[in-house]
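Structural overview for review
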There are 2 protein chains.
Amino acid sequence: MLRTHTCGALRIEDVNTEVTLSGWVQKIRDKGGLIWIDLRDRYGITQLLLEEGRTGEQLIATARTLGREYVIKATGTVIERVSKNPKMATGDIEIDVVDIEVLSQSKVPPFTIEDNTDGGEELRMKYRYLDLRRNPLKNNLELRHRLSIETRKYLDSEGFLEIETPYLIKSTPEGARDFVVPSRIHEGEFYALPQSPQTFKQLLMVAGYDRYYQLVKCFRDEDLRADRQPEFTQIDCEMAFVEQEDILSTFEGMVKHLFKTVKGIDIEPLERMPYEKAMKLYGSDKPDIRFGMQFVELNDVAQNKGFNVFDQAELVVGINAEGCAAYTRKQLDKLTDFVRRPQVGAKGLVYVKYNEDGSFKSSVDKFFSQDDLKSWTGKFDAKPGDLLLVLSGEADKVRKQLNELRLEMGTRLELRDPSVYKPLWVVDFPLLEWNEDNNRYQAMHHPFTAPKPEDINMLDTDPGKVRANAYDLVINGVEIGGGSIRIHNRELQKRMFGILGFTDEEAQNQFGFLMNAFEYGAPPHGGIALGFDRLAAMFAGQDSIREFIAFPKNNAGRDVMIDSPSTISNEQLTELHLQVVKEEK
Amino acid sequence: MLRTHTCGALRIEDVNTEVTLSGWVQKIRDKGGLIWIDLRDRYGITQLLLEEGRTGEQLIATARTLGREYVIKATGTVIERVSKNPKMATGDIEIDVVDIEVLSQSKVPPFTIEDNTDGGEELRMKYRYLDLRRNPLKNNLELRHRLSIETRKYLDSEGFLEIETPYLIKSTPEGARDFVVPSRIHEGEFYALPQSPQTFKQLLMVAGYDRYYQLVKCFRDEDLRADRQPEFTQIDCEMAFVEQEDILSTFEGMVKHLFKTVKGIDIEPLERMPYEKAMKLYGSDKPDIRFGMQFVELNDVAQNKGFNVFDQAELVVGINAEGCAAYTRKQLDKLTDFVRRPQVGAKGLVYVKYNEDGSFKSSVDKFFSQDDLKSWTGKFDAKPGDLLLVLSGEADKVRKQLNELRLEMGTRLELRDPSVYKPLWVVDFPLLEWNEDNNRYQAMHHPFTAPKPEDINMLDTDPGKVRANAYDLVINGVEIGGGSIRIHNRELQKRMFGILGFTDEEAQNQFGFLMNAFEYGAPPHGGIALGFDRLAAMFAGQDSIREFIAFPKNNAGRDVMIDSPSTISNEQLTELHLQVVKEEK
């Protein structure tokens, strides 16, 4: 090794030890007679000391040629610092240097390697290897590593086997958005990269592996949003001979294990909230339950009082922003602007102030008496000083709008502390959802999800009402993962494909291998997949998954550091039996 | 759970416990009054008992409808067996069944689910989910899982971070054989799947991550041989601030840890054998050192005695097959046939029998006296009863031929015990090898391998002589992995690309990001990659990696179970800006 210790290792007990350290020059302070060098590696920073007169002249001269990010090997003796730095683990000591070897020079980096860098997004992406030197990114990747270690430790202790599934699989029109891989050997044929190992993990259950997991890359060629990546990592799991509750309790155990071991946090038992309740109380299938502010429906007290907007609405529903009765006109206008933004889409916002003196002031005083408004606040158990915010309209839409407003108010009132974690299970999802574009039902989770046995009789008569044994793990308003009990019966699977608009031939052509497998003794099974990038970001209390991926793509799916995707040679295209068709502009 | 215990859990202590087991029907024996069912899951087999008269009639009737591979849930009481089976972990008990629920029926499987199945290769690949039920495959995948757990445990304990590198990277003409992935968003552009994360792990060293590892899928679109797969798994590692010996000792530690924890075997310290010595003594850069039979060169005693074949040969070289002097004419002819096979390619084989009476009998008695032959045997330290086998010709070729013969003799003499493990390091590989097709040098490992500092001066004058700080891990004659100290200097890397025939522009275009990174403080670094599929097979003493991969491709790179690769729709091709060009036949 080109070192005896790392830059994070030395302590006061090591004084008088001869050491060799290697690392990057973080900072040089040259105060004439004294030169201090902060030497950095993954493990920390150690201060090097050179003193004119005592340190050799040649060495002093070498030190003065060093620049930021030079890589050096320094030898010397550990000495006690005169002025200690209690903020640094190595702050009690420094190295009295007797030799420095420059291992590698550095040009001036295009941005500073500091916690708060001066580099812009694109520049940092291009020089990702420099951005990765910064502590925030290093901490993120170390956290991610620790999470993967603890995930595997837990699952291994629960008897799960990690089994690798293939990356070169079969393209399926369902879901589309497969990345495909042309075959050189098989002319005109393609592999596809998996959007998830779904069918393979089910086959592993059919094969008797009982408990499977994999930390696995998945691929989706979607039009990218800021927080999506074309390749992402899943904690992918499946269990046989289970019912829904077995899966929930197993992975509740994992969530608790991860929070305990990685963050030292004890998590309360997770609520199992039915989808219908989540939509009714929070207007979202991923409610943030760090704060209350649950929806209260007001149809019975707010309709038929002559306010046309409410009377024509399918749903009148509101939230109570506690202690906000003193909001100014301007503040209320801002909230109205917020709900009117196209991303939210409400037409307007009704408020009721429950004044400290017990009176009410609302934006709809023309239509509602003080008694009317009192009956509203009664439904909220509101207190003087509270502020009701009410929306109305088509039930589904107004719930989504009020969800946005609730989250906005939660943020404004600082009720969404990123260091507080409130996970829950949302359960009993609908099996199907209506796709207005295609004018047919589509699977809410995926086509392999089992309907609840007690709802199967509605599959033909009222498919939209059928609930699934499907569940999502939600933490702080973010969907971290989801899963379901699967269909393990050929006939039911075939029927399901039919409902989803597959012809028998299409179903057999695409998923015949799975349906065939179900004919040879398939155990009841179910599973879950958690977004690992998202989980890591959540554990750091952050939003952007990109900062938890060593080499991410930008919003256009491009790696600007290696400049990919890129063209390939005509010879290679010919070998692949392909020709690029330039679109006419 | 649909069970209280697994089928491997119950023991004599559990007698009288009410249990529910779920699993597959392995076997049914119906002896009129008594019915035994062997119920199987991943964990073992438990015997179920039904007895006419005692067991309900309905249940007996149900049991008689069951077939092999049906999935059932059985409830009953644990009882002590009358005739115990000491070969089974659960052999002391059986279940007195009171209820059976059929969870899933099964058609008759196309082959038997037994350790020695009657299914042919293609059939078993097509029904892989059934083949995977067999114990040999299950044991393989469990072994693989255990190896991955222990690999990570060791590397984690040594301070390595597992960091995921991207799968959608950039295609490089060097090495060719990239699988490519057309971009939908970027017309006419392609990603490539990594043949290894080489450049990314080097960038992680530049970024200061110090110790990196990853169990990672890699892809190579090669013309397939029986033991190759288009996608394969590597244990991929890199370390900074190291010299070659640091890497060897770290991964020697890993090898020892894996053998100890997974197989309970203590491995001796690994020999570091220079490439030149390996070629000289074994004719192979992956010598099987479970047995001796080292090469002995005979030029000085075998040439200039009038035997033209030897006199014209660059090298006369042989091995001593101890105790084989009694080989018959027929046995010797078979060995001659062996070395004459096109895969070996020798013209003939010379033998010398060192008879028990001290005399010599050879196939070249016409040219060599008894004294001549005695001088040969002296060089081998041969004893009466030994048999010398000698080949001659061009040095490189004859060494390869004799390597084949040595391995063949090792096998015949049962010196290659699959339960004995003798790993070693082969070191000091040449940096370059001459490519006769392209008439230029190519990198023996890859273009990022550093020349030995003391050999750098020969780079221009005698590049073929330059040795690299490169090493292979070899176990029992199989190359399990290899690595090198890398170049970490832009100028040297550029020079290396030049020697390999890159123009500056090509080098910059393809690997500019890496060479640029070297300008911002790159630490000395090196690493290794081990073939994980191969390692797992080696740990089971087996040759075929396919049996250690859950869902492998066949020799034509095809997954016959899911029928992939396959055609994709014209719509999808259009979205990808591609057209398939049918080759004229």
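Residues numbered from 1 in each chain as written. Chains lettered and ligands numbered in written order. Predicted model: local features only at pLDDT ≥ 70, side-chain atom pairs only at ≥ 80, totals over all residues. Heavy atoms only, no water.

As a further point, take the domain arrangement of chain A. Interface extent is often summarised as the accessible area lost during association of the parts. Domain annotation of chain A identifies domain 1 (12-104), domain 2 (138-273 + 423-548) and domain 3 (291-412). Using C-alpha coordinates to define each centre, domain 1 of chain A is positioned 63 Å away from domain 3 of chain A. (Domains from an automatic or database assignment.)

Let us look at the sheet that holds strand β15 (residues 360-362) of chain B. Residues and elements named next belong to chain B. Overall, antiparallel pairing links the 5 strands, which are arranged β12-β13-β16-β14-β15 in an open sheet. In this open sheet, the two strands that pair with only one neighbour each are β12 (296-297) and β15. As defined by bridge partners, strand β13 (residues 315-321) adjoins strand β16 (residues 387-393) across 7 bridges and the pair is classed as antiparallel. Residue pairing across strands places Val317 opposite Leu391, the latter belonging to β16. (Pairing = 2+ DSSP bridges. Helix = DSSP H or I, 4+ residues; strand = E, 2+ residues; numbered from the N terminus.)

Right, let's talk about the interface of chain A and chain B for a bit. Between chain A and chain B, the residue contacts involve 126 residues of the former and 126 residues of the latter. Both sides together, the interface formed by chain A and chain B hides about 11,200 Å², and carbon and sulfur atoms give 57% of it. At the boundary of chain A and chain B, one finds 16 salt bridges. B:Glu164 serves as the salt-bridge partner of A:Arg144, at 2.7 Å between the closest nitrogen and oxygen. Among the elements that make up the side of chain A that touches chain B, the one with the highest residue count is helix α4 (residues 135-157) of chain A (11 residues). Residue classes in the side of chain A that touches chain B are distributed as 64 nonpolar, 25 polar and 37 charged. (Contact = heavy atoms within 4.5 Å. Buried area = accessible area lost by both parts, 1.4 Å probe. Salt bridge = Lys/Arg side-chain N within 4 Å of Asp/Glu carboxyl O. Nonpolar A, V, L, I, M, F, W, Y, C, P; charged D, E, K, R; others polar.)

What follows covers the pairing of strand β3 (residues 44-51) of chain A. Residues and elements named next belong to chain A. The pairing of strand β2 (residues 34-41) with β3 spans 8 bridges and is classified as antiparallel. Pairing of Asp41 across the sheet is with Gly44, part of β3. From the end of β2 to the start of β3, which pair antiparallel, there are 2 residues. By the bridge criterion, 2 bridges tie β3 to strand β5 (residues 93-104) in an arrangement that is parallel. Within β5, the residue paired with Leu48 across the bridge is Ile95.

Next up on the list: the pattern of salt bridges. This model, assessed by the stated rule, comprises 116 salt bridges over all chains. With its nearest N and O atoms 2.8 Å apart, the salt bridge here joins A:Arg416 to A:Asp288. Pair noted here: A:Arg416 is in the loop between α12 (395-412) and β17 (423-427) and A:Asp288 is in the loop between α7 (275-282) and β12 (296-297), with a separation of 128 residues, a long-range link. A:Arg416 gets classed as partly exposed once you look at its relative accessible area, which sits at 26%. A relative accessible area of 1% means that A:Asp288 is categorised as buried. B:Glu271 is the salt-bridge partner of B:Lys277, the closest N and O atoms lying 3.3 Å from each other. Judged by relative accessible area, B:Glu271 falls into the partly exposed class, the value being 33%. Among the charged side chains, a network of salt bridges with common partners joins A:Glu121, A:Arg124, A:Arg128, A:Asp131, A:Arg134 and A:Arg546. (Buried < 20%, exposed > 50% of the residue type's maximum accessible area, 1.4 Å probe, protein only.)

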